[in-house]
Amino acid sequence: MKKILYIIIPVVLIGAVIFKLQGNKKMAQNKIYYYNKEQPVNVQADTLKLQSITAEQYFTGTFEPEKEVKLSAETQGKINSIFVDIGSYAKKGQTLIKMDNALLKLQLQAVSVQIEGLEADVNRYTILANADAIQGVQLEKAQLGLKSAKVQRNTILEQIAKTNVTAPFSGIVTMRFSEIGAFAAPGTPLLQITDISRLRFTVSIPENDLHLFHLNQNYSLKADAYDELMLSGKTILIGSKGNAANSFQVQFSINNTPDLKIKSGMFGKVLISEMHKKDALLIPSSAIVGSDIEPKAYVVKNNKAVLQNISINQRLQKGVVIKDGLNAGDIIITGGFINLYDGAAISIKN
């Protein structure tokens, strides 16, 4: 009887475990969301039509400082003092870092004592040489020794001056790479100084629009963070070599605002305006799928979303002007791209 119980009890326990696991599996499966590809995707769409637009366009870019430098020591040694921190304003010529120069000062004292002795020798030998009491060569050796000692003193003074790291121009300390007590050496960055009183604004221009820009001409610019603020920038560079996307760098020089509102790294745009109007297909920027190199858009055909290659003519503040790939009367999808794919059944919910 006991043997039978020993067999029955484990079997019952195993069966209970299997039953529980199957129940958990069903519960987990019920909680998982399975997307039904046969179910139409709810989207927003719009019918394209020719619109009369002003030939105004913009190109986005980035503001950068005109002057920025990483400072390093001209000589090696231990850092004794750092007088600025990140965010500090530094004036041109201001001492920012002071390095240990105690040994150099001792060498300077030794050379100064040597110079005093040599000057005394030169004065004494001059008197004796004038009285023909010594040979003139002795006076010449003393004079040469004095000149050599003075050169050595000037060298040590120059080395002492190099233990002070000074600001080459006025600006803001934007990075700090070292601390007091660290060892500094030539070529090792210690601080970064950035001057944003003047800025450079760089954009990438497609080859078809490069004719819109000319050297030394002024253009209107805006920073995305301050849309109400209009800036003026002069073209200082038009690239001679394009990148992989056949775009060319165009760079502008700009005076920052008196309170330095525009910061390095901010995004902005340069505006190009022409007074004549023209009819064009204009679609929202949100309808573009993919990159500027291979832009695409979803077109509604037979209640399905068809991903179609397009060509962009220009970007405006209120949308994108289409050059090729779409026609007036086409219905394009402008929203509801989640779960959308090429060939998906759709339901338009505007």
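Coordinates for the structure precede this section.
Per-chain numbering applies: the sequence of each chain, read as written, is numbered from 1 onward. Local features are withheld for residues below a pLDDT of 70 in this predicted model, meaning they are given only at 70 or higher, and side-chain atom pairs are given and counted only at 80 or more; totals for whole chains, interfaces and linings count all residues. Values reported for side chains reflect all heavy atoms of the structure, with hydrogen atoms and water molecules removed beforehand.

> Give a description of the packing of aromatic side chains that names residues and reports values.
For this analysis, a ring pair means two rings from Phe, Tyr or Trp (six-membered ring only for Trp) whose centres lie within 6.5 Å, classed as stacked if their planes differ by under 30 degrees, edge-to-face if by over 60, and tilted for the remaining angles. Within the structure shown, the criterion is met by seven aromatic pairs. Ring centres 6.0 Å apart and planes at 65° place the aromatic pair Phe 213 and Phe 252 in the edge-to-face group. With Phe 213 in the loop between β9 (189–206) and β10 (218–223) and Phe 252 in strand β12 (residues 247–255), this residue pair connects regions lying 39 residues apart in the sequence. Phe 252 gets classed as buried once you look at its relative accessible area, which sits at 0%. Geometrically, the ring pair formed by Tyr 298 and Phe 337 is tilted, given 6.1 Å between the ring centres and 35° between the ring planes. Remark: Phe 337 occurs in the loop between β19 (331–335) and β20 (346–348) and Tyr 298 occurs in strand β15 (residues 295–301); sequence separation between them is 39 residues. Phe 337 sits in the partly exposed class, given a relative accessible area of 28%. Chaining the aromatic ring pairs together yields one cluster made of Phe 59, Phe 63, Phe 201, Phe 213, Tyr 219 and Phe 252. For a Lys NZ or an Arg CZ to count as sitting over a ring, it must be within 6 Å of the ring centre and within 35 degrees of the ring normal. Stacked on the ring of Tyr 125, the Lys or Arg Arg 124 has its end atom at 5.7 Å from the ring centre. One Lys or Arg, Lys 269, reaches over the ring of Tyr 58 and ends 5.7 Å from the middle of that ring. A run of H or I in DSSP becomes a helix once it reaches four residues, and a run of E becomes a strand once it reaches two; helices and strands are each numbered from the N terminus. Here's how the labels work: a residue is buried when its accessible area is under 20% of the maximum for its type, exposed when over 50%, partly exposed in between, all with a 1.4 Å probe on protein chains only.

> Could you give me a rundown of unusual backbone geometry, with the residues and numbers involved?
A positive phi angle is found at Asn 216, which is not glycine, with a value near 65°. Along the chain, Asn 216 turns up in the loop between β9 and β10. Here Asn 216 falls in the exposed class, since its relative accessible area comes to 58%. Even without being glycine, Leu 260 reaches a positive phi, approximately 55°. Within the element layout of this structure, Leu 260 appears in the loop between β12 and β13 (267–283).

By themselves, these are just geometric observations and shouldn't be taken as functional.
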